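Summary of structural features
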Amino acid sequence: MGYSASSHIVIGVRVRRKDFFVEKKVRGCRHQNTKDKFCAECGKPTWETKGNYSFNLGDLWEPNEDGISAVAGNCESDEYVIGLDIGNCGGYDNPNILLIKMPSDEQIAKLKKDLEKLLGGLYDENKFGLYNVFYES
Ligand SMILES: [Zn+2]
């Protein structure tokens with residue numbers, strides 16, 4: 001494939017993949033729960049910590065029904081901008097200079113609502129804005 005680079009203009013919020021990681025305490029076995037660290041019957045830990053992603057960023061590689069997608073900061077990066085990808089320069093088929101029309105206040109208001117709905121508590125108004133995301137692979 002070789003080298004490729006592109007620049008995305010995205011209106012949205014910056015997130016880290018690890019922000020979506022949620023740890024839960026779950027029982028380590030099915031025996032009776034005691035205050036001991038390990039189960040007296042089978043020796044397994046009484047409680048274990050299991051982690052899971054509360055949100056699958058892979059679902060947003062293609063835009064969802066609201067047009068929202070996740071754009072990676074780099075191919076190995078933990079950082080993404082989630083929002084509307086309104087312009088894409090570079091890469092094989094894209095222009096080097098692109099005129100981007102300003103979104104209307106209504107479009108911005110709808111986007112903020114959609115992002116809040118999508119991200120819940122991870123939506124941060126302070127991180128909402130216009131991002132230029134440069135991607136290399
Ligand atoms: Zn047990």
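The following refers to the structure shown. A quick note: this is a predicted structure, and the numbers were derived from the prediction, not measured.

**Observations regarding the overall build of the protein chain**
Of regular secondary structure, the protein chain possesses one helix and six strands. Helices and strands in the protein chain line up, N terminus first, as β-β-β-β-β-α-β. Computed over its C-alpha atoms, the radius of gyration of the protein chain comes to 21 Å, more than 25% above the 14 Å expected for a compact globule of 137 residues. For the C-alpha atoms alone, the extent of the protein chain along its principal axes is close to 70 × 40 × 25 Å. Every one of the 137 residues in the protein chain was classed for burial, and the buried ones make up 15%. Taking the intrachain contacts of the protein chain between residues at least 6 apart in sequence as the baseline, contacts between residues at least 24 apart amount to 62%.

**Describing the sheet that holds strand S1 (residues 5-16)**
Across the sheet, which stays open at both edges, the four strands sit in the order S4-S5-S1-S6 with antiparallel pairing between neighbours. Looking at the sheet topology across the chains shown, the edges are occupied by strand S4 (68-72) and strand S6 (128-136). The average angle at which neighbouring strand axes cross in this sheet is 50°, direction not considered. The pairing of S4 with strand S5 (residues 79-90) spans five bridges and is classified as antiparallel. Its bridge partner being in S5, Ala72 is matched across the sheet by Tyr80.

**Some details on the nonpolar core**
In this structure, Val10, Val71, Tyr80, Val81 and Ile82 are the most contacted members of the largest nonpolar core, which totals 15 residues. Those elements that place two or more of their residues in this core are S1, S4, S5, helix H1 (105-119) and S6. Excluding anything up to four places from it in sequence, Val71 contacts His8, Val10, Tyr80, Val81, Asp85 and Val133.

**Notes on the environment of Glu48**
Note on placement: Glu48 falls in strand S3 (residues 47-53). Non-local contacts of Glu48, meaning those with residues more than four positions away in its chain, are made with Val26 and Gly28.

**A look at H1**
Between its terminal C-alpha atoms H1 stretches 21 Å, which fits the 21 Å expected from 15 residues at 1.5 Å a residue. Looking one or two places after H1, you find Gly120, whose phi comes out positive at around 55°.

**Details of the environment of Lys24**
Take Lys24: it is sitting in strand S2 (residues 21-27). Taking the C-alpha atoms as reference points, Lys24 and Glu48, separated by 24 residues in sequence, lie 8.2 Å from one another.

**As for the pairing of S4**
Most of S4 is tucked away, with four of its five residues classed as buried. In textbook terms, the turn of a hairpin is the stretch between consecutive antiparallel strands, and for S4 and S5 this stretch comprises six residues.

**Section: the pairing of S5**
Looking at chain direction, S1 and S5 are connected through 11 bridges and run antiparallel. Among the inter-strand pairings, Arg14 is bridged to a residue of S5, identified as Val81.

**Some remarks on the environment of Lys112**
Of note, Lys112 is situated in helix H1. Judged by C-beta crowding, with 17 C-beta atoms within 10 Å, Lys112 ranks as partly exposed. In the structure, Lys112 is positioned 86 residues away from Val26 in sequence and 35 Å away in space, judged by C-alpha atoms.

Criteria and cut-off values
Residues numbered from 1 in each chain as written. Predicted model: local features only at pLDDT ≥ 70, side-chain atom pairs only at ≥ 80, totals over all residues. Helix = DSSP H or I, 4+ residues; strand = E, 2+ residues; numbered from the N terminus. Rg over C-alpha atoms; globule rule 2.2 N^0.38 Å. Buried ≥ 20, exposed ≤ 12 C-beta atoms within 10 Å, placed from the backbone. Contact = placed C-beta atoms within 7 Å. Pairing = 2+ DSSP bridges. Axes fitted to C-alpha atoms, helices over the stretch in contact; angles between N-to-C directions. Core = buried A, V, L, I, M, F, W, Y, C linked by C-beta atoms within 7 Å. Expected span 1.5 Å × (residues − 1).

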